[in-house]
Amino acid sequence: MHVRTLTGGLAAALVVSFALAGGQAVAASPDAESSSLAARVLTYDASGSAEFRSAVDRGAAIWNESVDAVELRPATAGQRANIRVLADNGWPRALPTTLGNGTVYIGRQAVDQGYNTIRISAHELGHILGLPDRKPGPCSSLMSGSTAGTACTNPYPNAAEKSEVEGNFGGALVGPAPAARGEVIVD
């Protein structure tokens, strides 16, 4: 939404400027604009996330509300997912393989210690979207992870985190290299 709005506004300004300069103005169709700025769709399989299924769905929805360049959707039956989400008894972690692909573990150890399940889910999905941990950090930073403490329930990425994901998937900016294959990001 943010990129599309900015691009749409820029296109409108250029059309008006061109028309004022005496040229012939031709507006681009909205369909052409939206198709060139379509979000990259990543699917996730949360069937192994047990009691955390709703937290995983909410974490994905938060990313969908926050960025335009990528959209997280549940995988359909029989579809191979980009992201596999599992529950286990360890600490939450992400194992990115390439940008937008990997496995997320929603670990019960952190949940048992009082960490918020939706924040955990959104944070771990952030790793799959190319974001590193930013520790220590404040509660306003989703990628500060556990260093924000158990009282922190903020599941939303801040402006810098949103911008980084937009750059990773939108191609407008060059983001950081995704984690190397097999690298485990433990929070």
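Residues numbered from 1 in each chain as written. Predicted model: local features only at pLDDT ≥ 70, side-chain atom pairs only at ≥ 80, totals over all residues. Heavy atoms only, no water.

*Asks:* How do you make sense of the pairing of strand E4 (residues 93-98) when you look at a structure like this?
*Replies:* Consecutive side chains along a regular strand alternate between the two faces of the sheet. Pairing between E4 and strand E5 (residues 101-107): five bridges, direction antiparallel. Following the sheet pairing, Ala94 is matched in E5 by Val104. A loop of two residues connects E4 with E5, the two strands running antiparallel in sequence, and Gly100 in this loop sits at a positive phi of about 90°. (Pairing = 2+ DSSP bridges. Helix = DSSP H or I, 4+ residues; strand = E, 2+ residues; numbered from the N terminus.)

*Asks:* Is there a simple way to think about the environment of Gly149 in this case?
*Replies:* With respect to the helices and strands, the residue Gly149 is situated in the loop between helix H5 (117-128) and helix H6 (159-170). The exposure class assigned to Gly149 is partly exposed, which follows from its relative accessible area of 23%. Sequence separation between Gly149 and Cys139 is ten residues; the distance between their C-alpha atoms is 7.8 Å. (Buried < 20%, exposed > 50% of the residue type's maximum accessible area, 1.4 Å probe, protein only.)

*Asks:* Explanation requested: H5 in the structure shown.
*Replies:* Helical geometry note: an α-helix holds 3.6 residues per turn, so side chains three or four residues apart project in the same direction. Compared with the 16 Å implied by 1.5 Å per residue over twelve residues, the 17 Å span of H5 between its first and last C-alpha is a close match. By the criterion of burial, H5 is predominantly enclosed, with ten of the twelve residues buried. Buried within H5 we find Arg119, Ile120, Ser121, Ala122, His123, Glu124, Leu125, Gly126, His127 and Ile128. Measuring from the side-chain oxygen of the N-cap residue of H5 to the backbone nitrogen of Ile118 gives 3.0 Å; that N-cap residue is Asn116. Once H5 finishes, Gly130 follows within two positions and takes phi at roughly 100°, a positive value. (Expected span 1.5 Å × (residues − 1). Polar contact = N/O pair within 3.5 Å; in protein donor to acceptor, adjacent residues only side chain to side chain.)

*Asks:* Quick question: what am I supposed to make of the pattern of salt bridges here?
*Replies:* Two side chains bearing opposite charge may form a pair once their charged atoms approach each other closely. Applying the stated criterion across every chain yields a total of six salt bridges. With its nearest N and O atoms 3.6 Å apart, the salt bridge here joins Asp57 to Arg53. Note that Asp57 and Arg53 are positioned in helix H3 (residues 53-66) at a spacing of four residues, about one turn of the helix. On the accessibility criterion, Asp57 (28% relative accessible area) is partly exposed. Classification of Arg53 as partly exposed rests on a relative accessible area of 37%. Between Arg134 and Glu164 there is a salt bridge, with its nearest N and O atoms 2.6 Å apart. Placement of Arg134 in the loop between H5 and H6 and of Glu164 in helix H6 is noted, with a sequence separation of 30 residues between them. (Salt bridge = Lys/Arg side-chain N within 4 Å of Asp/Glu carboxyl O.)

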